[in-house]
Amino acid sequence: MRIVLMGPPGAGKGTQAAAIAGHLGVPHIASGNLLREHRASGTPLGKQAGSYMEKGLLVPDQVVINMVLKRLRRDDCQRGFLLDGFPRTGEQAEALDKALAPRGVQLALNIAVPADELVHRLTGRLTCRSCQTPYHQVTNPPKAPGRCDLCGGELFQRDDDKPEPVRKRVEVYERQTAPLVAYYRRKGVLRQVDGKQSIQKVQEEVLSKLAR
Ligand code: AP5
Ligand code: MG
């Protein structure tokens with residue numbers, strides 16, 4: 001399975017990804033998670049990306065394309081993968097198609113959520129420093145305050161989950177990434193998911209669309 005998980009920042013991509021990837025037995029590859037790992041380890045790529053990420057801007061295409069395509073060449077992707085947060089521009093989508101030719105992306109799942117809901121979700125989000133699982137202070141809290149249910153890691157607020165970068169990310173999404181919905185529709189691989197439902201309901205809808 002070669003699946004792309006799409007949707008605006010805060011749509012629930014990271015929240016749904018573990019269940020989907022586990023169900024399909026493929027790795028979950030999130031460009032944002034890979035970039036944050038580079039930032040945390042202080043690599044040159046991480047330093048370059050950080051200046052864009054903290055402002056809510058996209059990291060330059062060539063940096064992200066090289067990073068993600070390198071990850072897709074690893075053995076665990078032979079049977080497929082679930083991409084989260086990539087592609088995000090026309091240039092990235094074309095680079096992915098080229099790398100996967102002649103087969104291309106099999107399914108693009110778009111989790112749709114209205115913009116007014118995104119700000120509330122993102123500014124209240126807590127993320128595990130260790131495994132990057134997302135939580136929400138009010139709507140999806142961890143069992144033990146400040147600790148990840150899955151790995152016990154410390155929860156923190158991402159620097160781009162403050163109001164100003166959140167606003168910027170939603171704007172950047174509308175301008176640079178939303179057009180990819182039409183791109184995948186034209187290719188006949190787009191499936192829409194109503195992301196405004198509860199986390200559980202969204203998961204059920206995603207899994208039923210995968211089963212078809
Ligand atoms: P990235 O990490 O990909 O962030 P994003 O796309 O902005 O997406 P998020 O992770 O914010 O949202 P999500 O959809 O995963 O939502 P989540 O499940 O956490 O990218 C970060 C940055 O890296 C970018 O800004 C850019 O700088 C750079 N970058 C990454 N990829 C790039 C690329 N390809 N090209 C260039 N630059 C790139 O859920 C959010 C919150 O909502 C949580 O609190 C959760 O508990 C809650 N929630 C989830 N589902 C529900 C629900 N159904 N009901 C109620 N609450 C819910
Ligand atoms: Mg995410």
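Everything that follows concerns the structure shown earlier in this document.
Conventions adopted
- Residues numbered from 1 in each chain as written.
- Chains lettered and ligands numbered in written order.
- Predicted model: local features only at pLDDT ≥ 70, side-chain atom pairs only at ≥ 80, totals over all residues.
- Heavy atoms only, no water.
- Near = heavy atom within 4 Å.
- Polar contact = N/O pair within 3.5 Å; in protein donor to acceptor, adjacent residues only side chain to side chain.
- Areas by Shrake-Rupley, 256 points an atom, 1.4 Å probe, with all protein chains shown as cover.
- Helix = DSSP H or I, 4+ residues; strand = E, 2+ residues; numbered from the N terminus.
- Phe/Tyr/Trp six-rings, centres within 6.5 Å; stacked < 30°, edge-to-face > 60°.
- Lys NZ or Arg CZ within 6 Å of the ring centre and 35° of its normal.
- Pairing = 2+ DSSP bridges.

(A) Just the site of ligand 1, in detail. Residues in close proximity to ligand 1 total 36 residues, the closest being Thr15, Leu57, Arg88, Arg125 and Arg169. For ligand 1, an oxygen atom lies 2.9 Å from a polar atom in the backbone of Gly14. Within the backbone of Gln197, an N or O atom sits 2.9 Å from a nitrogen atom of ligand 1. The fraction of the free accessible surface of ligand 1 (1,000 Å²) that becomes covered by protein chains is 96%. Broken down by secondary-structure element, the contributors of at least two residues to the shell around ligand 1 are α1 (13–24), α2 (31–41), α6 (115–123) and β6 (134–136). Tallying contributions element by element places α2 first for the shell around ligand 1, with 4 residues.

(B) Looking closely at the packing of aromatic side chains. Taken as a whole and assessed by the stated rule, the structure comprises 1 aromatic pair. Here Arg129 stacks its cationic end above the ring of Phe156, 4.3 Å away from the centre of that ring.

(C) Region of the structure containing the sheet that holds β6. Across the sheet, which stays open at both edges, the 3 strands sit in the order β6-β5-β7 with antiparallel pairing between neighbours. Each edge of the sheet is formed by a strand with only one pairing partner; in this case those strands are β6 and β7 (155–156). Relative to β7, strand β5 (residues 125–128) runs antiparallel, the two sharing 2 bridges. Each residue of the ladder has a partner; that of Thr127, found in β7, is Phe156.

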